[in-house]
Amino acid sequence: MATEIEFSFKALTGTARRHIRVFQIHQFLDRFAMGLTVAVVALALADRGMDLLQISLLFGIYSLTTMALELPFGGLADNIGRKPVFLAAVIASLISLILFLSSSDFTVLALSFGFIGFGRALRSGTLDAWFVETFKTAAPNVDVQPALAKAQWANAMGLAFGAVLGGLLPDVFGTTALRYGISIYDVSYVTSFAVMIAVLIYTMFAIAEEPRPLNANALRQGFTNVPSVITEASLLALKHPTLSMLLAALALFLMATNPVEVIWPTYAKPMLDERYANTAIGTLTAGYFFAIAFGAALSPYISRVFRRRHAVTLAVLFSCLAGVQVALAMQGDIAGFIGVFLVYSALLGASETPASSILHRCVADRQRSTMLSLRSLIQQLGAALGLVLAGAVADVYSTPIAWSVGALFLLIAMVLSLVLAKRLTRSPAS
């Protein structure tokens, strides 16, 4: 394997710089559309008469749909092209929004969440793979991790700004919405629909991919090849020690951190004045995304400190996350909680691209989308297992103890990353 050149944005060709900017704009718009609904989805469902059990079931439908379709559609993207599969994902998101806005019936909402999962599965590993492959063509042998960090930064900023606006719109235009007989939260969903249309148009005209045959035979062949592609990619992950250790570490990482990301509002809310608790939680949600963006922006500099040894960087970040997660569990007042939580979120943002860089170095272009989907699937399984375990521990003991137990998984992930670092040092191509 050729030695990677250290990333310098100014030293890149005009084509490579434009490629990064195009993808940054795309990621911002796509995540901005999603962020508009993230802040209000639970409130919107409650406003439609859903109880906590029904809300949990709807999110369960989303998760099951995503996990069931994650790998098949990653394989399809490797076969028929990343752009058309992503466009299909946007259409699925639009259908989901239409269904959500059209009804308060549980069955229709379940179908809407099914389409959200369908769209998520279609998205996974599509344009990320396109971005890496096109960047490698435009900038051969240049370290891709800082370029991924720039995309991750735009991704998180889109979610952050979307969350802020999504929480603000119901307050500003809620009275108008009620006059027209719709929920105040529907304003955020209508805005998300409009932005998603913009994403569709932008993808069609700004994302350039060598077209592949999209006739009925090509599509049928794409689906026919999916099982063999999945089998080949799964065997690659099992037989490739580097990928196996990386995926195991990422599963443990999500087992530890997902319960914090899901449960923290219920832990923080009792610390707040009831009069502004919901507004404060919404603002802190935006702060969470901003901190992730900040961490993503810092990621290349952190990597440079460790001489771009991405597995070492990952091990250090996992150890820091373990310590900060325990510190977060010990907070009893809102000021301390906010400070530690923002540090925690920044570390989450910084940890994304080192892992991605290792994975992309180990995978050929023809399997890149499938492997990204396999990574997403394994992470979701780890996240679901961690959430169930944390819920059980919190129910018997407390949330702080559940989070502290989760930190142990981060320490195991750190050990795996150190083993991975040694392996990569001995054999960079492995």
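For the structure, see preceding data.
Residues numbered from 1 in each chain as written. Predicted model: local features only at pLDDT ≥ 70, side-chain atom pairs only at ≥ 80, totals over all residues. Heavy atoms only, no water.

Peer 1: It is not clear to me how the environment of serine 102 should be interpreted in this structure. Could you clarify?
Peer 2: Residue placement: serine 102 occurs in helix 4 (residues 82–102). Residue classification places serine 102 among the exposed residues on the basis of a relative accessible area of 53%. A C-alpha to C-alpha distance of 9.9 Å links serine 102 and isoleucine 182, two positions 80 residues apart in sequence. In terms of polar contacts, serine 102 uses its side chain to reach the backbone carbonyl oxygen of leucine 99, at 2.9 Å. (Helix = DSSP H or I, 4+ residues; strand = E, 2+ residues; numbered from the N terminus. Buried < 20%, exposed > 50% of the residue type's maximum accessible area, 1.4 Å probe, protein only. Polar contact = N/O pair within 3.5 Å; in protein donor to acceptor, adjacent residues only side chain to side chain.)

Peer 1: Looking at this structure, how should I read the packing of helix 10 (residues 241–268) against helix 12 (residues 310–329)?
Peer 2: Two measures define how a pair of helices packs: the angle their axes make with one another and the distance between the axes. In contact at an axis separation of 12 Å, helix 10 and helix 12 are set at 25° when each is read in the N-to-C sense. Relative to helix 12, helix 10 is oriented roughly parallel. The element helix 10 and its partner helix 12 pack so that their crossing is left-handed. Listed contacts from helix 12 to Leu246, Ala249, Phe253, Ala256, Thr257, Val260 and Tyr267 of helix 10 are Leu314, Phe318, Leu321, Gln325, Leu328 and Ala329. (Axes fitted to C-alpha atoms, helices over the stretch in contact; angles between N-to-C directions. Parallel < 35°, antiparallel > 145°, perpendicular 65-115°, else oblique. Left-handed = near helix turned anticlockwise from the far one by under 90°. Contact = heavy atoms within 4.5 Å.)

Peer 1: Hey, could you run me through the nonpolar core in this one?
Peer 2: Within the largest apolar cluster, 61 residues are counted, with the highest numbers of intra-cluster contacts made by Leu246, Phe253, Trp264, Phe318, Leu321, Phe337 and Trp403. Breaking this core down by element, the ones donating at least two residues are helix 7 (145–179), helix 10, helix 11 (277–305), helix 12, helix 13 (334–362), helix 14 (368–396) and helix 15 (399–426). No other element matches the 16 residues that helix 10 contributes to this core. Once residues within four sequence positions are removed from consideration, leucine 321 is found in contact with Phe253, Tyr344, Leu347, Leu348 and Leu410. The next biggest cluster of nonpolar side chains, apart from the first, holds 34 residues, and it includes Leu12, Phe23, Val144 and Val187. (Core = buried A, V, L, I, M, F, W, Y, C linked by side-chain atoms within 4.5 Å.)

Peer 1: What should I look at first to understand a nonpolar patch on the surface in this one?
Peer 2: Residues Val396, Tyr397, Ile401, Val405, Leu408 and Leu411 make up a contiguous nonpolar surface patch of roughly 560 Å² in combined accessible area. Looking at which element gives the most residues to the nonpolar patch, the answer is helix 15, with four residues. As for its placement among the helices and strands, valine 396 is situated in helix 14. (Patch = residues over 30% accessible without salt bridge, like charges linked within 9 Å, V, L, I, M, F, W, Y side chains within 5 Å. Areas by Shrake-Rupley, 256 points an atom, 1.4 Å probe, with all protein chains shown as cover. Salt bridge = Lys/Arg side-chain N within 4 Å of Asp/Glu carboxyl O.)

Peer 1: How should helix 7 be read in this particular structure?
Peer 2: Along an α-helix, a turn takes 3.6 residues, which lines up residues three or four apart on a common side. In this model helix 7 runs 50 Å from its N-terminal to its C-terminal C-alpha over 35 residues, within 8% of the 51 Å that 1.5 Å per residue would give. The largest bend along helix 7 measures about 65° and falls at phenylalanine 173. Backbone geometry just downstream of helix 7 places glycine 181 in the positive-phi region, at approximately 75°. (Expected span 1.5 Å × (residues − 1). Bend = angle between axes of the 7 residues up to and from the residue.)

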